[in-house]
Amino acid sequence: MDRVVKAGWDDRLEVRVLNESDIAVLMKTVVDEFEFPNYIVKTIGPFSTERVFKYDEYALAENYFNYLTLPLGN
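Computed from a prediction, not measured in an experiment: that's the story for all the values here.

J.: Where do I start with the nonpolar core in this structure?
T.: What tends to happen in soluble globular proteins is that the nonpolar side chains get buried as a cluster. Counting 7 residues, the largest nonpolar core consists of Ala24, Leu26, Tyr39, Val41, Phe53, Ala61 and Phe65. Discounting chain neighbours no more than four positions away, the residues touching Phe65 are Asn19, Glu20, Ser21, Ala24, Val25, Leu26 and Val41. Counting residues in each nonpolar core, the second largest holds 5 residues, with Val15, Val17, Met27 and Ile40 among its members.

J.: Even after reading the chapter, I still don't get the packing of aromatic side chains, so can you show me in this structure?
T.: Two descriptors summarise a pair of aromatic rings, namely the distance from one centre to the other and the angle between the planes of the rings. The full count for this structure, using the stated rule, is 3 aromatic pairs. Plain terms: the ring middles of Phe36 and Tyr55 are 4.2 Å apart, the flat faces sit at 20° to each other, and that makes the pair stacked. One end of the pair, Phe36, is in the loop between strand 3 (24-29) and strand 4 (39-43); the other, Tyr55, is in the loop between strand 5 (50-53) and helix 1 (58-69), and 19 residues separate them in sequence. Overall, the relative accessible area of 59% leaves Phe36 in the exposed class. Ring plane angle 50° and centroid distance 6.1 Å describe the contact between Phe53 and Tyr64, whose orientation is recorded as tilted. Note that Phe53 is positioned in strand 5 and Tyr64 in helix 1, a separation of 11 residues in sequence.

J.: Which parts of the structure should I look at to understand the side chain of Thr43?
T.: Mapped onto the elements, Thr43 comes out in strand 4. Engagement of the side chain of Thr43 in a polar contact is seen with the backbone nitrogen of Thr49, the distance being 2.8 Å. Not counting residues within four places of it along the chain, the set of residues in contact with Thr43 comprises Ile23, Ala24, Ser48, Thr49 and Leu68.

J.: Looking at this model, I keep getting lost on the environment of Phe65. Mind explaining?
T.: Note that Phe65 resides in helix 1. Since its relative accessible area comes to 3%, Phe65 is described here as buried. Sequence-wise, Phe65 and Leu26 are 39 residues apart; in three dimensions their C-alpha atoms are separated by 6.6 Å.

The rules we used
- Residues numbered from 1 in each chain as written.
- Predicted model: local features only at pLDDT ≥ 70, side-chain atom pairs only at ≥ 80, totals over all residues.
- Heavy atoms only, no water.
- Core = buried A, V, L, I, M, F, W, Y, C linked by side-chain atoms within 4.5 Å.
- Buried < 20%, exposed > 50% of the residue type's maximum accessible area, 1.4 Å probe, protein only.
- Contact = heavy atoms within 4.5 Å.
- Phe/Tyr/Trp six-rings, centres within 6.5 Å; stacked < 30°, edge-to-face > 60°.
- Helix = DSSP H or I, 4+ residues; strand = E, 2+ residues; numbered from the N terminus.
- Polar contact = N/O pair within 3.5 Å; in protein donor to acceptor, adjacent residues only side chain to side chain.

Take a look at the structure:
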């Protein structure tokens, strides 16, 4: 599920969708060689929120995405 889209909040910013579910989306900003990417986990729904992780915090972003998408009751 590797696709590049324009970020809704900034038309100049492109993000690469790394993982997507019905509850959340894990994205990575597309940058040039002079910048470091950020990882963004955005929840989907009427009260959507987003949490930004620095370039060296991919494991934290992935863990947060997995936590959000974990089925309830397990």
